[in-house]
Structure formats: structure tokens, C-alpha cells
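# Residue-level structure breakdown
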Amino acid sequence: MDISSAAGKARQTARNPWFQRAARLGYVANAVLHAMLGFLALVLARGDSAEADQSGALQTLAAQPWGIVLLWVCAIGAALLGFWSLAQAALPQPKVLKRLKSAGTGIVFLVLGGAFLQFALGNQSDSGQATSSFSAALMRSAAGRGALIALGLVLIGVGGYFVYRGITRGFLKDLQTSGHRGLRKAITVSGVVGYPAKGLVLASAGLLFIVSTVQGDPEESTGIDGALKALGSQQFGTLALVLVGAGLLSYAVFLVFRSRFDTMED
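In short, a report on the structure. Everything quoted here is computed from the prediction, not taken from an experiment.

The next thing to look at is the overall build of the protein. The secondary structure content of the protein amounts to 11 helices and 0 strands. When the helices and strands of the protein are placed in sequence order, the string is α-α-α-α-α-α-α-α-α-α-α. Against the 2.2 N^0.38 benchmark of 18 Å for 266 residues, the protein shows a C-alpha radius of gyration of 19 Å, consistent with a compact globule. Seen along its three principal axes, the alpha-carbon backbone of the protein occupies a region of about 50 × 45 × 40 Å.

A separate point is the pattern of salt bridges. Think of it this way: side chains of opposite charge can pair up when their charged atoms draw near. Overall, the coordinates contain 3 salt bridges when judged by the stated rule. The residue D174 makes a salt bridge to R165 at a minimum N-O spacing of 2.1 Å. On the basis of relative accessible area, D174 is assigned to the buried category, the value being 16%. A relative accessible area of 8% means that R165 is categorised as buried.

The interhelical angle for the contact between helix α3 (residues 25–45) and helix α4 (residues 54–62), taken along N-to-C directions, is 100 degrees, at an axis separation of 9 Å. Overall, the two elements α3 and α4 adopt an arrangement that is roughly perpendicular. Contacts from V32, L33, M36, L37, F39 and L40 in α3 reach Q54, G56, A57, L58, T60 and L61 in α4. Along the lines of polarity and charge, the residues of the contact of α3 with α4 split into 9 nonpolar, 3 polar and no charged.

Moving on to unusual backbone geometry. If you check the backbone angles, W66 has positive phi at about 65 degrees while not being a glycine. Structurally, the position occupied by W66 is in the loop between α4 and α5 (67–89). The exposure class of W66 is exposed, given its relative accessible area of 72%. The phi angle at R169 is positive, at roughly 60 degrees, despite the residue not being glycine. By the secondary structure assignment, R169 is in the loop between α8 (142–167) and α9 (181–215).

On to a nonpolar patch on the surface. Together, I149, L153, I156, L207, V211 and V214 make up a nonpolar patch on the protein surface, roughly 490 Å² of accessible area in all. At the level of secondary structure, the elements contributing two or more residues to the nonpolar patch comprise α8 and α9. Its location among the elements puts L207 in helix α9.

On to helix α6 (residues 96–120), then. Given a rise of 1.5 Å per residue, 25 residues ought to cover 36 Å, and the 36 Å separating the end C-alpha atoms of α6 matches this to within 8%. Within α6, the full set of buried residues consists of S102, T105, G106, F109, L112, G113, A115, F116, F119 and A120. The inward-facing, buried residues of α6 contact α3, α4 and α5. Once α6 finishes, G122 follows within two positions and takes phi at roughly 90 degrees, a positive value.

Rules of the game
- Residues numbered from 1 in each chain as written.
- Predicted model: local features only at pLDDT ≥ 70, side-chain atom pairs only at ≥ 80, totals over all residues.
- Heavy atoms only, no water.
- Helix = DSSP H or I, 4+ residues; strand = E, 2+ residues; numbered from the N terminus.
- Rg over C-alpha atoms; globule rule 2.2 N^0.38 Å.
- Salt bridge = Lys/Arg side-chain N within 4 Å of Asp/Glu carboxyl O.
- Buried < 20%, exposed > 50% of the residue type's maximum accessible area, 1.4 Å probe, protein only.
- Axes fitted to C-alpha atoms, helices over the stretch in contact; angles between N-to-C directions.
- Parallel < 35°, antiparallel > 145°, perpendicular 65-115°, else oblique.
- Contact = heavy atoms within 4.5 Å.
- Nonpolar A, V, L, I, M, F, W, Y, C, P; charged D, E, K, R; others polar.
- Patch = residues over 30% accessible without salt bridge, like charges linked within 9 Å, V, L, I, M, F, W, Y side chains within 5 Å.
- Areas by Shrake-Rupley, 256 points an atom, 1.4 Å probe, with all protein chains shown as cover.
- Expected span 1.5 Å × (residues − 1).

Right, dumping it as C-alpha cells:
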């Protein structure tokens, strides 16, 4: 199959209306994940113990009535959005950055779909421990430590982008809403609150990668769980966790809106 034929297939797939509708379920899957993370952040704020990361969120979901069914639905939805985004990346687009963004989004959602599937099959894992083991392996060499610091800086940059996108309301350009004023206001509020909360969590996780690498302590590098617990250990930690938890719940609400109103032009 030549390049033009492959591009034609990708264009046909990406613009298939039924595939687009089904792929929107991926945003709902992401909303479920962030709702669970927000809930776990509030559990930490209350002083209770919790594993406030992706594995903890999926484990909590699996323990709920109909949780396994929801895990399967989310796995399928995330995979569909991942494949749709990769199809978008294969389109002949004028901007390389847009193609890279589509490819990155596709990979992220395929990985997320795999995580949902793993828990749906009963193969639970500890993402915090996996992150710590990954950091420990890289810290054994100078190149690995440099890679960890670079990863931390990337996460801080992505977190900053989320904050900027929320403050400037840049997310609205990706949505196609009706003229209903109340609906648009609800979408705007959920995004303005949710995006900075998501950004703060990512930036905190990135900072932990850098600090743990400089200190040579991989046990400190446990991803989102470590970031939230480090945030909670500060002077105003309880208030910060409440705000972050509420913000992640707001981001989940925004993602539900996005599943319905996204322009699907990745």
C-alpha cells in the first residue's frame, strides 16, 4: 500500500461519523478516571489513607457495583479515541505539531485503555510502585538521571500549559456548543476550575521527579500519589487537597461536556 492510499484510508476512517461518535466515549472514560482521582484527593484531605493515583482510582472503581462493567466500557472508549487520534495523525495536515499532538493523544489513550482493560481482567497493579521502580532503574546512571530531570521538566511544562489553557479559556476553541447561555457558562466554569487543578497535579508530579533525582531517593518519586501526599503535608495541605480534589471533579465534568461538544478535529 503506497503513502497516498494509506492517507486516503486514514482520512476515510477519521471522518467516519460513526467512528467519531464512538470515539467520544474516550472522553467519558477520562472523566471517570479524573472523578475517581478527585474523590481520592478528598479522602486524603479528610485524613484517611488512600492510593491517590491511576491504579488507586481504577481499584476503587473496580470495587463499586457494576464497576467491572464500567471498566470494560471505559477500556473500549479509551481505545477507540486512541485509534481515532492516530488516524488523525496520519492525515495530510499542514502543521507537523498538530500531527504530533494527534499521535501523542492517540498513544496516551491507548495506554489508558490498556490500564482500564488490565483492571477489568482483574490484573491489578501499583502504578506508584512501578513509577518508583522505574526511577530507581534510571538513577543508576548519569544519563538516566538526566532523563528523569528532563521528564520532570516536561511534566512541569505540560502542567503549566494546562493552567494557562484554563486561565485563558483556550479550551473553548475545541468545543462546538449551541447558543444556550447557561450551558456555555457551565462548560466554561468547569474548564476554568478543572484545567488549573489538573495542571497543578502534573507540575507537582514533575517537581517530585526532579527533587527525588537530585536527592537520589527513588522512593520519593511515586507519580500523582506522591505529588498529592506531598501537597497534603504542607502547612495548608488540607485546604490544598480539597481545592485540588474539587478541581479534578470539575475537570471530570468538563470532560463529560467535551464528549458531547468536542469538534473532533484533533
